[in-house]
Amino acid sequence: MAIPQASMGPSSLGQSGPGSMAPWCSVSSGPTRYVLGMQELFRGHSKTREFPAHSAKVHSVAWSCDGRRLASGSFDKTASVFLLEKDRLVKENNYRGHGDSVDQLCWHPSNPDLFVTASGDKTIRIWDVRTTKCIATVNTKGENINICWSPDGQTIAVGNKDDVVTFIDAKTHRSKAEEQFKFEVNEISWNNDNNMFFLTNGNGCINILSYPELKPVQSINAHPSNCICIKFDPMGKYFATGSADALVSLWDVDELVCVRCFSRLDWPVRTLSFSHDGKMLASASEDHFIDIAEVETGNQTLTILTRLLCHSSLAMRTYHVFSSLFLTTLLVL
C-alpha cells in the first residue's frame, strides 16, 4: 500500500492552501479559564461504571440524537439499547436477527426511536425502539463494516470490506447509488450541511465527494499513514481525523485547512468524539488512557485512565465506549 510522504501531512508546518496545516497550529502555553473550569467539573463527577451488554466484544456504540439512549453492537451478532435515567443506564432490549457480527451502528439524526446496524452478514437492519422490532432488512453486496446516516435523515451510507459504499434510501430501503473505490475505505461521514461526503482511507488521505452527485471534489493528504477515523463537530465548524501515526488533526470545515494537531497518544487513533457543544474533543487508541482536549487551544482538559492491560481489539471497543460516553457526560451533569 502506497504511503504519502510525511511532508504532505499535518506534520508539515508553514504550508498554506486547502489541505495544508496553518502555521499557527501550535497549542497555547497554559490552560484557559474554560479548561480549568472543566477540570474542576470533571473532578467532581469522576465516576465510571460498567454495564454488561453482550457475550462478546463490543464493536460500536452510539447515542441517540436526544441523548436518552445508548446503543451497542457486538461480535455476538446482537445490538443492545440502554436508557439513560438520571445518572444511570438501564438496559431496555436486545435486538437479534443478524447472522454475523454487528460491526457498526448509528442513530437517525433527528428521530430518537430509529437506529440502523451494519453486519458482516451482508445486510443492514433498521430498528424501532418503540416496537423493539426490525422494520427493514436491506441486502447488500458485501460484508459491511461501516455505516452512517445523512444529516437530513433521507439516506443511509454503508461500506463493506471490498471498499464499496452503497447509498440507501431511508424510506424505500432501496439502493440509490453505489461507488467502488480503489483504495482502502475506513470511516465515512457526511458534513453537517449534507452536501459533501467524506471518506478516510488507507493512504492517509481524506477523500471528499459532492453530494448527491458523488463527484470527486478534493483529496487531502491528511496524514503520513493510514487515516482511520473522522468525526464532525456538532457546531459545523471543524472535523477531526485520527490516524495510525498516533496524531489527531483538526480541520476547518470551510477552508479545509488543518488548524491544530493533538499528539499526546502513542498508538494509532481508533475513535474520536466531540462534546455536545463542540468545545472538547476526546480521542482514544491502544494507549491506556483517553485524551480530552479543548478544541480551540489543544490544551488537555482531562485524562481518563483505563484498567485494560493489553492492546487488543476488545480494548479498542472499550475505549470507543468511554469516548462516546464522554459525549453525553456534559449533558447529564
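Data block above holds the structure.
These numbers come from a predicted model, not from an experiment.

Novice: Teacher, can you tell me more about the nonpolar core here?
Specialist: Ranked by internal contacts, the top residues of the largest apolar core, which has 16 residues, are Ala 240, Val 248, Leu 250, Leu 272 and Leu 281. Broken down by secondary-structure element, the contributors of at least two residues to this core are strand E17 (227-232), strand E18 (238-243), strand E19 (248-252), strand E20 (258-262), strand E21 (271-274) and strand E23 (289-294). Setting aside residues no more than four positions away along its own chain, Val 248 makes contact with Ala 240, Thr 241, Arg 260, Cys 261, Phe 262, Val 269, Leu 272, Leu 281 and Ser 283.

Novice: Even after reading the chapter, I still don't get the pattern of salt bridges, so can you show me in this structure?
Specialist: Pairing is possible between side chains that carry opposite charge, provided their charged atoms lie close to one another. Scanning the model with the defined rule gives nine salt bridges in all. Arg 264 serves as the salt-bridge partner of Asp 291, at 2.6 Å between the closest nitrogen and oxygen. You can see Asp 291 sitting in strand E23 and its partner Arg 264 sitting in the loop between E20 and E21, a full 27 residues away along the chain. Across the pair Glu 286 and Arg 270 runs a salt bridge whose closest N-O atoms are separated by 3.6 Å. With Glu 286 in the loop between strand E22 (280-284) and E23 and Arg 270 in the loop between E20 and E21, the pair connects residues that are 16 residues apart, well separated along the chain. Overall, the relative accessible area of 36% leaves Arg 270 in the partly exposed class. What you see here is one network of salt bridges that share partners, running through Asp 113, Asp 128 and Arg 130.

Criteria and cut-off values
Residues numbered from 1 in each chain as written. Predicted model: local features only at pLDDT ≥ 70, side-chain atom pairs only at ≥ 80, totals over all residues. Heavy atoms only, no water. Core = buried A, V, L, I, M, F, W, Y, C linked by side-chain atoms within 4.5 Å. Buried < 20%, exposed > 50% of the residue type's maximum accessible area, 1.4 Å probe, protein only. Helix = DSSP H or I, 4+ residues; strand = E, 2+ residues; numbered from the N terminus. Contact = heavy atoms within 4.5 Å. Salt bridge = Lys/Arg side-chain N within 4 Å of Asp/Glu carboxyl O.

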